[in-house]
Amino acid sequence: MGYLFGLVGYPAKHSKSPWIHEQFLKKQGEQGAYRIFETSPDVLKDKLQALKMVEVDGFNVTVPYKEEIIPYLDEVDSYASSVGAVNTVHVQDGKWIGYNTDGKGYVRSLVEEYPDTNLNKTRVLILGAGGAARGIYRALAEAGAPVIDIANRTASRGEALRKLRCESTESSVLSLEKAEEGLSNYDLIVQTTSVGMTPDESGQIISLRNVKHNAIVSDIVYKPFETSILKEAKNRGARVLNGHGMLIYQAALAFEQWTETFVEANDIVTKFEQQLKGDTTC
Ligand code: ATR
């Protein structure tokens, strides 16, 4: 018998996760399946109770349940607990243990793409302060980034995010205008909002006119294939990182947790990008 993995979320029908995990199973020579357990909010409790009866080895959790899942878990690891959200559950000896691989997936995609990056010397600016920013902020802080500033439309959300800093992290909350002016202070800029996402592809949260040559500009939005901010970054001679690697590596880290193996996933990122360029069937 092979592994059984799945995804709890709503809506979840169009998720890329089944395709991604099937690639990992194939690549690792493992038998198994990845199912979508689409769960509307009115039946969450019953669905989770039913899932406890199924021989599932692990499952992912997506919107809108990354926080709501926590009371149903037996344990939550310390990183997920700091972030306050769980996207991966590993079932071990019948116990549900919660992890979060979103932000760590981002960091892994960054070091895979730019292996010369020394995070201990990287000055970071995060644009946005929502759920996606939380995981990335904490993962970069734990990886040793000495400065992680936050620019957000709503300052109070930026302040809430700043509470996730590690002892050694210097962190200020800025307006988007101030961030734009002071952009040359940063080695890594991480765009975490939905601005620029299809269908509003002309949207761009800040101008990059002051970006440092050779800074890395990354956008976690993965549709369109190249967002407006990444186009500008390229034109200004900065290096870019799109959101495809983060999507694949957050999944790879979950797969590694469930199977206790190491997955080298760069080829899956390439395959995923080929699919996105060609059609949208993956
Ligand atoms: P997610 O969980 O995907 O990060 P979220 O929690 O709704 O989504 O957060 C969205 C982020 O995008 C927030 O930082 C939001 O800014 P506010 O905190 O001010 O709401 C930011 N955002 C969304 N649309 C924006 C826009 N048009 N301009 C500036 N910021 C925007």
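Let us look at the structure shown here. (Residues numbered from 1 in each chain as written. Predicted model: local features only at pLDDT ≥ 70, side-chain atom pairs only at ≥ 80, totals over all residues. Heavy atoms only, no water.)

This paragraph deals with the side chain of D149. Here D149 is to be found in strand β8 (residues 147-151). At 2.9 Å, the side chain of D149 and the backbone nitrogen of S172 are in polar contact. There is a polar contact of 2.6 Å between the side chain of D149 and the side chain of Y186. Every residue in contact with D149, bar those within four places of it in the chain, is listed here: V124, L125, I126, E170, S171, S172, L174 and Y186. (Helix = DSSP H or I, 4+ residues; strand = E, 2+ residues; numbered from the N terminus. Polar contact = N/O pair within 3.5 Å; in protein donor to acceptor, adjacent residues only side chain to side chain. Contact = heavy atoms within 4.5 Å.)

Looking now at the pattern of salt bridges. Tallying each qualifying case throughout the model produces 14 salt bridges. A salt bridge links R108 to E256; the shortest N-O distance between them is 3.2 Å. Pair noted here: R108 is in helix α4 (residues 102-113) and E256 is in helix α9 (residues 244-259), with a separation of 148 residues, a long-range link. As far as the burial class goes, R108 and E256 line up, both buried. In this structure, R162 and E159 form a salt bridge, with 3.6 Å as the shortest nitrogen-oxygen distance. With a gap of three residues between them, R162 and E159 both fall in helix α6 (residues 155-162), about one helical turn apart. A cluster of three or more residues bridged by salt bridges with shared partners is formed by R108, E112 and E256. (Salt bridge = Lys/Arg side-chain N within 4 Å of Asp/Glu carboxyl O. Buried < 20%, exposed > 50% of the residue type's maximum accessible area, 1.4 Å probe, protein only.)

Our next topic: the site of the ligand. Around the ligand, the surrounding shell consists of G128, A129, G130, G131, A132, N152, R153, T154, R157, T193, V195 and I205. Within the backbone of G131, one N or O atom sits 3.1 Å away from an oxygen atom of the ligand. Across the complex, the protein chains shield 64% of the 640 Å² of accessible surface that the ligand would expose by itself. Within the shell around the ligand, the residues separate by chemical class into four nonpolar, six polar and two charged. (Near = heavy atom within 4 Å. Areas by Shrake-Rupley, 256 points an atom, 1.4 Å probe, with all protein chains shown as cover. Nonpolar A, V, L, I, M, F, W, Y, C, P; charged D, E, K, R; others polar.)

Bear in mind that shape data such as this cannot, by itself, settle questions of function.
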